[in-house]
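The primary structure of each chain is shown beneath.
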Amino acid sequence: MTEDSNMELSPLLQEKINEWIRWDKNETTTAALQKLIDAKDIKQIEKIMVSRIKFGTAGLRGKMGLGYGNINDLVIIQTAQGWLKFLEVEREQLLKNNGIVVGYDGRHNSRRWAELTASVFAHSGYIVKLLGKVCPTPFISYAIGKFKCAGGAMITASHNPKDDNGYKVYDSNACQIINPVDKKIQLLILENLEPWHTSWDQSILQSTSLISNPLAQLTEDYIKLVSGTILEPFKEVNRQSELIFTYTAMHGVGYPYIKGVLDAVGVKMLPVEEQKDPDPEFPTVKIPNPEEGESCLNLAFKAADKNGSLLVIANDPDADRFAFAEKNKVTGNWRVFTGNELGALFGWWMLYCHQIRNPTEAMENIYMMSSTVSSMILKTMAKKHGFNFLETLTGFKWMGNKVIELHEQHKRVLLGYEAEIGYMCVPQILDKDGVSAAAHYTTLCSFVYSQGKQVHQKLEEIYNTYGYHICRNAYFSCSDHKIIKGIFERIRNFNGNSSYPSGILNDKYKVICVRDLTTGYDSSEPDKKAKLPLSPEMVTFTFDNGFIITLRTSGTENKIKYYSEICADSDIKDEKTIRNTFNLMVDEVLAIFLQPIENGLL
């Protein structure tokens, strides 16, 4: 490969091109670079070569392709080298004794990048448990805890579009990494950019005893673990039930694992054949995210109607998320339940099961938790029943670490959830897990149906008991980070003042509390300092009528997300009036605070 001497390149860009030519041994990406050089496409070369994809608490996630700004063989090798150096310094004994675990999903390049990571570690003399087939992301958390590994990596982009991939890293405590671990790894990646002389050599995969594949035993133990968390009488309800659940793996890894777990607890399931097996092209869905609702579940509805099934369950492609839909027997319409509605149902169910299993245990030792942008339904339940509720930042890395802290205090955590259809209901797995969630939720359904009800009716009972918790969560797309930054700067300096908005609709509804986790400000605290950790752009407004809305950026996608809720007293039964006021307030906040039309938000 040669660079065109007629191109006018900055010294930095020329250095990056020469560097890539020396280091990259992948024929596809080397050819792609030569093509850009031949086309003299300086702008594109500069875009992908000068700015490097950043390693953070979500590890890496981005487009697959040429250059330091994307994910490819060279970037994966550099990441593995930096992570290895971190473990040698910070987790030395565990790394020497028990090594790491690496898994992968069904996306393009996922297996190759898992094997490249395994090769880097094995060449350095470390044990690698390389899971030999596609597996759910929560298996990495489970495996780290089971084998006492120094850490783990999962090659996945979860529910992102097909052109993306990612590198999710877990710490020795079986939780996703948090600050400052991510910053230390990032620094060591930058200090170990040049591939070591063995890093491209994958022949070691077939020639060393350092690499093993424990997936079969891990799967068997996982199924026993999950099955054991469900009470035997409820397994019998499953076996006696005539319910058939229609399941979609969304072209991901979930099917064999869901089948194994549901068989073990007595649940009958039929898959959506077109979406059962891993397919990196995701041919039947535009975005493989069951949180998108009907647009992703249409095939499942057709299959369910054909099978005479009233219930649809779904995972995202790496099976850490769980979705549910139900067909109303009266209207014949399908209803996709939101993440918060499922959170309410999970909360009721986990508490109900706990009270049967441990009827005399003091509620002061019991905890449930949700992310700060999720519904506060668990908080309301906690006030009524006397157990403890905690809120965390968005992401199960925060929940997992909090669970560890509580376990050390001999406390019991029944449930952790977030609005983006993530649920943690098996305490040995410190991550959201769509497979174990499916086992518990299908059992919940069998029990509800055995009482002559549908799940939507049970949800209505829950709201009648605890009050309507009406939520509305969505997002705007925006790829211009300057616009996003400007939006949040304007919120902090509203109408040219050095203060936040004071109300909406001519101050009919007044802001009584502002919490800004970007700056660490919380007006409700005596010292005005937020108790939750700092976070990238994230501001929460609480209004005088109990309306709450959080505006935040996504850590993995070009989005501004909003999460809103109004919590009514249980004696207020006029849902329509509550909902009308709620929707009016949401629309007003979005229009005034975000200015989506003026800022070109989609």
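Just so it is clear, the structure is predicted and the values come from calculations on it, not from any experiment.

Visitor: What am I meant to see in the overall build of the protein here?
Guide: What the protein contains, in helices and strands, is 19 helices and 22 strands. Relative to its length of 602 residues, the protein is compact, with a C-alpha radius of gyration of 25 Å against a globular reference of 25 Å. If one aligns the C-alpha atoms of the protein with their principal axes, the spans along those axes are about 75 × 60 × 50 Å. Going through the 602 residues of the protein one by one, you find that 57% of them count as buried. In the protein, 69% of the contacts between residues at least 6 apart in sequence involve partners at least 24 apart. Element-wise, carbon and sulfur atoms account for 49% of the exposed surface of the protein, whose accessible area totals about 24700 Å². One way to put it: in the protein the 66 positive side-chain charges average out to a point 3 Å from where the 72 negative ones average out.

Visitor: Could you clarify how one ought to interpret the packing of aromatic side chains in this entry?
Guide: What characterises a pair of aromatic rings is the spacing of the ring centres plus the angle enclosed by the ring planes. Enumeration over the complete set of coordinates arrives at 31 aromatic pairs. Centre to centre, the rings of tryptophan 348 and tyrosine 352 are 5.9 Å apart; their planes meet at 20°, and the pair counts as stacked. Highlighted residues: tryptophan 348 and tyrosine 352, both in helix α13 (residues 339-357), separated by 4 residues, approximately one helical turn. Look at tryptophan 348 and you get buried, because its relative accessible area is 11%.

Visitor: How do you make sense of the packing of helix α4 (residues 73-90) against helix α8 (residues 181-190) when you look at a structure like this?
Guide: Angle between the axes and distance between the axes are the two parameters that describe a pair of packed helices. One way to put it is that α4 packs onto α8 with a least axis distance of 8 Å and a crossing angle of 120°. Classified by the angle between their axes, α4 and α8 sit oblique to one another. In the crossing of α4 with α8, the sense of the turn from one axis to the other is right-handed. Counting all contacts with α4, which are made through Gln78, Thr79, Gly82, Trp83, Lys85, Phe86 and Glu90, the residues of α8 involved are Val181, Lys184, Ile185, Leu188 and Ile189. Of the residues assigned to the contact of α4 with α8, the class counts are 6 nonpolar, 3 polar and 3 charged.

Visitor: Sorry if this is basic, but what is going on with the sheet that holds strand β9 (residues 311-315) here?
Guide: Two strands in a sheet stick together by hydrogen bonds in their backbones, pointing the same way (parallel) or opposite ways (antiparallel). If you trace the 5 strands from one edge of the open sheet to the other, you get β8-β7-β9-β10-β11, paired in mixed fashion. A strand with exactly one partner marks an edge of an open sheet, and here the two such strands are β8 (269-271) and β11 (334-336). Averaged over all adjacent pairs, the angle separating strand axes in this sheet is 25°, with direction ignored. One ladder, built from 3 bridges, connects strand β7 (residues 245-248) with β8; its direction is parallel. Paired with tyrosine 247 across the bridge in β8 is proline 271. With respect to the sheet, α13 is in contact with β10 (322-327) and β11, its orientation differing from that of β10 by roughly 90°.

Visitor: Explanation requested: the pairing of strand β22 (residues 559-567) in the structure shown.
Guide: The element β22 is extensively covered by neighbouring structure, given that 8 of its 9 residues are classed as buried. Strand direction decides the pairing type here: strand β16 (residues 469-477) and β22, joined by 9 bridges, are antiparallel. Looking at the pairing, arginine 472 lines up with serine 564 of β22.

Visitor: What is the right way to read the nonpolar core from this model?
Guide: Note that soluble globular proteins tend to have their nonpolar side chains buried in a common cluster. Ranked by size, the top nonpolar core spans 140 residues in total, and within it Phe322, Phe324, Tyr441, Phe541, Phe543 and Leu551 carry the most contacts. Here the element with the most residues in this core is helix α16 (residues 434-450); it accounts for 10 residues. Listed in part, the 55 residues of the second largest apolar core include Val102, Leu130, Val169 and Ile185.

Visitor: Quick question: what am I supposed to make of the sheet that holds strand β6 (residues 211-212) here?
Guide: Strand order in the open sheet formed by 6 strands is β1-β5-β4-β2-β3-β6, with mixed pairing between adjacent strands. Two strands close off the open sheet at either side, each with one partner strand: β1 (60-63) and β6. Direction of pairing for strand β4 (residues 151-155) relative to strand β5 (residues 164-170): antiparallel, over a ladder of 4 bridges. Residue pairing for β5: methionine 154 is matched across the bridge by lysine 168. With respect to the sheet, helix α6 (residues 110-123) is in contact with β2 (100-104), β3 (128-130), β4, β5 and β6, its orientation differing from that of β2 by roughly 165°.

Visitor: Help me out: how do you make sense of the pairing of strand β20 (residues 538-543) in this one?
Guide: Side chains on a regular strand alternate between the two faces of the sheet. Most of β20 is tucked away, with 5 of its 6 residues classed as buried. Two strands pair when backbone bridges link them, and strand β18 (residues 509-516) and β20 are joined in this way by 5 bridges, in the antiparallel orientation. Each residue of the ladder has a partner; that of cysteine 513, found in β20, is threonine 542. Where β20 lies against strand β21 (residues 547-553), 5 bridges are found, and the strand directions are antiparallel. Bridge pairing links phenylalanine 541 to isoleucine 549 in β21. Turn length for the β20-β21 hairpin, with the two strands adjacent in sequence and antiparallel, is 3 residues, and the turn residue glycine 546 shows positive phi of about 90°.

Visitor: Please explain unusual backbone geometry as it appears in this structure.
Guide: Backbone geometry follows two general trends: most residues other than glycine have a negative phi, and most peptide bonds adopt the trans configuration. The linkage connecting asparagine 179 with the following residue, proline 180, adopts the cis geometry, with an omega of 10°. By secondary structure assignment, the location of proline 180 is in the loop between β5 and α8. With phi around 55°, lysine 40 is a residue other than glycine that occupies positive phi space. In this structure, lysine 40 sits in the loop between α2 (27-38) and α3 (42-49).

Visitor: Is there a simple way to think about α16 in this case?
Guide: It helps to recall that an α-helix has 3.6 residues per turn; residues three or four apart then point in one direction. The end-to-end C-alpha separation of α16 is 24 Å, in line with the 24 Å expected for 17 residues at 1.5 Å each. Of all the 17 residues making up α16, 16 are buried; the element is thus mostly covered by neighbouring parts of the structure. The N-cap residue of α16 is aspartate 433: its side-chain oxygen and the backbone nitrogen of valine 435 are 3.0 Å apart. Looking one or two places after α16, you find glycine 452, whose phi comes out positive at around 80°.

Visitor: Sorry if this is basic, but what is going on with the pattern of salt bridges here?
Guide: Opposite charge on two side chains permits pairing when their charged atoms draw close. Evaluated as defined, the whole model comprises 31 salt bridges. The shortest N-O distance in the salt bridge between glutamate 232 and lysine 235 comes to 3.9 Å. One end of the pair is glutamate 232 and the other is lysine 235, both in helix α10 (residues 232-240) and 3 residues apart, which spans about a single turn. Residue classification places lysine 235 among the buried residues on the basis of a relative accessible area of 9%. Through salt bridges with shared partners, one network takes in Glu232, Lys235, Glu236 and Arg239.

Visitor: How should the environment of leucine 13 be read in this particular structure?
Guide: Counting through the fold element by element, leucine 13 comes out in helix α1 (residues 11-23). By relative accessible area, which is 1% here, leucine 13 ends up buried. Considering only alpha carbons, one finds leucine 13 and lysine 47, 34 residues apart in sequence, at a separation of 9.9 Å. When neighbours within four sequence positions are excluded, leucine 13 is seen to be in contact with Ile42, Ile45, Glu46, Met49 and Val50.

So, how was this worked out
- Residues numbered from 1 in each chain as written.
- Predicted model: local features only at pLDDT ≥ 70, side-chain atom pairs only at ≥ 80, totals over all residues.
- Heavy atoms only, no water.
- Helix = DSSP H or I, 4+ residues; strand = E, 2+ residues; numbered from the N terminus.
- Rg over C-alpha atoms; globule rule 2.2 N^0.38 Å.
- Buried < 20%, exposed > 50% of the residue type's maximum accessible area, 1.4 Å probe, protein only.
- Contact = heavy atoms within 4.5 Å.
- Areas by Shrake-Rupley, 256 points an atom, 1.4 Å probe, with all protein chains shown as cover.
- Lys, Arg positive; Asp, Glu negative; His and termini not counted.
- Charge placed at Lys NZ, Arg CZ, Asp CG, Glu CD.
- Phe/Tyr/Trp six-rings, centres within 6.5 Å; stacked < 30°, edge-to-face > 60°.
- Axes fitted to C-alpha atoms, helices over the stretch in contact; angles between N-to-C directions.
- Parallel < 35°, antiparallel > 145°, perpendicular 65-115°, else oblique.
- Left-handed = near helix turned anticlockwise from the far one by under 90°.
- Nonpolar A, V, L, I, M, F, W, Y, C, P; charged D, E, K, R; others polar.
- Pairing = 2+ DSSP bridges.
- Core = buried A, V, L, I, M, F, W, Y, C linked by side-chain atoms within 4.5 Å.
- Expected span 1.5 Å × (residues − 1).
- Polar contact = N/O pair within 3.5 Å; in protein donor to acceptor, adjacent residues only side chain to side chain.
- Salt bridge = Lys/Arg side-chain N within 4 Å of Asp/Glu carboxyl O.

Any functional reading would require information beyond the geometric quantities listed.
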